Amino acid sequence: MSKIDFDFMISGAGLVGSLLALQLSKLNFKICLIESSDFEISLNEENLFNPLSLNYRSKIILEKYNIWSQISQYAHPINKLSIKHINNINVVSFGAEEINLDAMGYVVDRYRLLKIIRESVKLHGRISILENSKINNIERKNDHVCVQVDSDDGNRLLAKKIFISEGASSKFKQLVSEKSENIDYAQKSYFINCDCDFNENHAVQIFNKHGIFALIPYSAKSLNIVMSIKSDFSNLYFENNKPKTDNILDIFNQYVTNVKSLRFVNMHNLNTSRNDEFYKDKIFLLGNTFQVLHPVGAQGYNFSLRNISSIVKYFANDAQSSQNMDSLIEEIMRDREQVITTVDFATKIFSSDKLFSKTLSKLFVKSLKMSSKLRNSFIEKLLGIYEYPYLDTDEKL
Ligand SMILES: Cc1cc2nc3c(=O)[nH]c(=O)nc-3n(C[C@H](O)[C@H](O)[C@H](O)COP(=O)(O)OP(=O)(O)OC[C@H]3O[C@@H](n4cnc5c(N)ncnc54)[C@H](O)[C@@H]3O)c2cc1C
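We now turn to the structure provided with this report. (Residues numbered from 1 in each chain as written. Predicted model: local features only at pLDDT ≥ 70, side-chain atom pairs only at ≥ 80, totals over all residues. Heavy atoms only, no water.)

Quick word on the site of the ligand
Which entries qualify depends on this criterion: Any residue with a non-hydrogen atom lying within 4 Å of a molecule or strand is treated as near it. The definition of a polar contact used here is a pair of N or O atoms within 3.5 Å, where within protein one atom must be able to donate a hydrogen and the other to accept one, and adjacent residues in sequence count solely through side-chain atom pairs. Exposure was quantified through the Shrake-Rupley algorithm and a 1.4 Å probe, taking into account, for residues, occlusion by the shown protein chains and nothing else. Numbered from the N terminus, helices here are DSSP runs of H or I no shorter than four residues, and strands are runs of E no shorter than two. Residue polarity is assigned by list, with Asp, Glu, Lys and Arg as charged and Ala, Val, Leu, Ile, Met, Phe, Trp, Tyr, Cys and Pro as nonpolar; anything else, Gly included, falls into the polar class.
In the neighbourhood of the ligand, 28 residues make up the surrounding shell, with E35, S53, R110, N288 and Y301 lying closest. Interatomic distance of 3.1 Å between a backbone N/O atom of V16 and an oxygen atom of the ligand. N288 has a polar backbone atom sitting 2.8 Å from an oxygen atom of the ligand. Computed on the free molecule, the ligand has an accessible area of 1,000 Å², of which 82% lies beneath the protein chains in the complex. Mapped by element, the contributors of at least two residues to the shell around the ligand are α1 (15-26), β3 (51-55), α4 (110-123) and α7 (300-317). Considering every element that reaches the shell around the ligand, the biggest residue donor is α7, with three residues. For the shell around the ligand, a count of residues per class yields nine nonpolar, 14 polar and five charged.

Observations regarding the sheet that holds strand β5 (residues 80-85)
In plain terms, the rule: Two strands form a pair only when DSSP identifies at least two bridges running between them. Structural elements are reduced to axes, namely lines fitted to C-alpha atoms, with helices fitted over the stretch in contact, and the angle between N-to-C directions of any two is expressed from 0 to 180 degrees.
Read across the sheet, seven strands follow the order β6-β5-β13-β14-β15-β12-β18 without closing on themselves; strand pairing throughout is mixed. Each edge of the open sheet is held by one strand with a lone partner, namely β6 (91-95) and β18 (257-275). Strand-to-strand twist in this sheet, taken as the mean axis angle between neighbours without regard to direction, amounts to 15°. Alignment of strand β13 (residues 202-208) against strand β14 (residues 211-217), held across five bridges, turns out to be antiparallel. Bridge pairing links Q205 to A214 in β14.

What follows is the structure, encoded as structure tokens:
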């Protein structure tokens, strides 16, 4: 038998691949992490903030992985969330104190978090990092995969299993999943940093016929404006990516005053994708390669963190020689079903202008206000602690 070089190869050292590499290496597995760009992250000089909202469960996972202590000084807590549907006169608000937590979640800069995770990866001796490299070919053998990496003098590396976390455009998706669904929301997602006066720990989400709009504070003086605008309306708010300040602020006038500056951060077209399978015969799809989710509700990385937690737990408990992935697959697919149902509900029902959707969303908001059971279950889903005893999470992580 050929000599196996690694227990796991991980292709793509983003927020997902880097953290998984770190945690699997702490279990003494031998890891090779492949990244197509430079591994070193330099934070942007213009001081722009790229928001990543982490829910309560994500904070607990990062705490357990010793990452939270390094990012916490840069993390801004959110303890109140208001959701407003423009067709409803009412606003529905949720507070962390309703379920005895001090924060519903936190906002961090995604590149700062990635830098922290990658620095921890570098400190860990058991991870071989191949930067500016890509996999050309993956071949399945009986008990391992044979991987050809372009930078490594065409060398073939052998690993027991491989995770593909190199983003949505990975050419290896079809090795696992035959069906890939692409969704074009015909929306553009804009991020703006805004210095102004506002309620420091209060996030707001507004649904109207032009799209989905959110205010996400990231310090006492600054917040992110995140706008997922239907393409037909984007010129109402932007001209060549230049914000039309008055129109934008009009949406938020109830929540924001004394605006000092607006800084355009970036824009994405909202094309997402979903693969129907997570694992097949020694190859896993993870993070954006597995699915890209609409940013409503900020679910993507929070879901991937739960996946990482499930995978790490699985390989910690079960000998890596185990060929039976059924329980792991079932756990992850069940979680994903819930996440996708929530995202689809919000994008189809809350942001649609059709009469049926308007009626349904009105009823939903009304029920949230009247039923404390529904409120609690909604908050728990939002925070990723649904079906988990959140005050006793250690057992489950
Ligand atoms: C607009 C928007 C807002 C979002 N906001 C939130 C939020 O608030 N909260 C939340 O939980 N989630 C959010 N998400 C989702 C979150 O960004 C993703 O879940 C997360 O970034 C996925 O990370 P990843 O590591 O899978 O992929 P990526 O971040 O895409 O990383 C892929 C890595 O692979 C590398 N790579 C690419 N090609 C190759 C190759 N061929 N070989 C090797 N390496 C390669 C890349 O350089 C990169 O380092 C948002 C997403 C969007 C689009």
